[in-house]
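Residue-level listing of the chains:
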Amino acid sequence: MTGTVVVAGGTGALGVAVTAEFLGAGWRVVVPGRSEESLSALRKADGLQTVVADIAEPAGAAEVARVAGADEGAPVRALVNLVGGFASGGRVHETPIEEFEAQFALNLRPTYLVTQAVLPLLIAAGGGSITCTSSGAALKPFSGAAGYVTAKAGVLAFVDALAVEYKKDNVRVNAILPGVIDTPANRRAMPSADTAKWTPPAQIATVLRLLAETPGVTGAHLPV
């Protein structure tokens, strides 16, 4: 067993692929979900442990860390933050502050809380890897999504801060910047799009595993 990885957001289309990738490489994988129903997206497998928890709240994030750290034979070595979402709307002068702030609650709050809860386990294990999910839009914004763009740029700033703060603890922190991911939801939302330019979840999953397993890489903003 390589160790334990927490996959926050492991029940989504990308998360299912990421979970399968780590399981296939011999990791113990801990996946939180808000309900048993959401966790049913994952097939039962050796090495997979699910936990019902709301990681947008401190108590939920703490419960995930408790479960992740319970197996002394597989110390926590990695955290993959996939939780997030997209919403578009009007330009800034047309967008209520509540809609703007909602993007931070979705794209930054769970990432912060789970990272905060898991960091002591990584430090106790002698180091490890954290990978967060930003977006290509953080570097190349488009109109009608100021909240999303700003929140995803905040993820990059958070990654940079973590990489500096925990370097001496041998905790490596990186970000991926996906474009459009080839998921059923995106195909339904954009039925006329050229999906040949989209990225399959399995390809991103491989990149995430390699980031977790490759020493020496930290502070990177990696387009995928």
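Details of the structure are given in the entry above.
All residue numbers here refer to positions counted from 1 along the written sequence of the relevant chain. Local features in a predicted model are, by the rule used here, given only for residues with pLDDT of at least 70; side-chain atom pairs are given and counted only at 80 or more, and totals for whole chains, interfaces and linings are based on all residues. Where side-chain values are given, they derive from all heavy atoms of the structure, hydrogens and water being excluded.

(A) Looking closely at the pairing of strand S5 (residues 128–133). Only protein chains enter the calculation, and the probe is 1.4 Å; a residue is then buried if its accessible area is under 20% of its type maximum, exposed if over 50%, and partly exposed in between. Working definition: helices are DSSP H or I runs of at least four residues, strands are E runs of at least two. Numbering for both runs from the N terminus. Among the six residues that make up S5, six are buried, leaving the element largely enclosed by the rest of the structure. Here S5 shows two buried faces, one formed by Gly 128, Ile 130 and Cys 132 and the other by Ser 129, Thr 131 and Thr 133. Two strands make a pair as long as DSSP finds a minimum of two bridges between them. With six bridges connecting them, S5 and strand S6 (residues 171–177) associate as parallel partners. Bridge pairing in S6 links Gly 128 to Val 171. With strands facing away from the observer, any crossover in which the path from the first strand over the helix to the second runs clockwise is taken as right-handed. Regarding the hand of the β-α-β motif, the stretch spanning S5, helix H6 (residues 146–165) and S6 is right-handed.

(B) Quick peek at the nonpolar core. In terms of nonpolar packing, the biggest core is built from 35 residues, with Val 6, Val 114, Val 118, Ile 130, Val 171 and Val 173 touching the most fellow members. Counting residues per element, the ones that place at least two in this core are strand S1 (4–8), helix H3 (58–68), strand S4 (76–81), helix H5 (109–124), S5, H6 and S6. Only heavy atoms matter for contacts: two residues are in contact if any of them lie within 4.5 Å across the pair. Filtering out sequence-adjacent residues up to four positions away, Val 6 remains in contact with Val 30, Val 64, Ala 68, Ala 78, Leu 79, Val 80 and Val 118. Residues grouped as a nonpolar core are buried Ala, Val, Leu, Ile, Met, Phe, Trp, Tyr and Cys residues, joined through side-chain atoms within 4.5 Å.

(C) Up close: the pairing of strand S2 (residues 28–33). In terms of burial, S2 is a largely internal element, six of the six residues being buried. By the alternation rule, side chains of S2 split into Arg 28, Val 30 and Pro 32 and Val 29, Val 31 and Gly 33, which are all buried. As defined by bridge partners, S1 adjoins S2 across three bridges and the pair is classed as parallel. Its bridge partner being in S2, Thr 4 is matched across the sheet by Arg 28. Here S2 pairs with strand S3 (residues 48–52) via five bridges, running parallel. Its bridge partner being in S3, Gly 33 is matched across the sheet by Val 52.

None of the figures reported here should be taken as evidence of function without further support.
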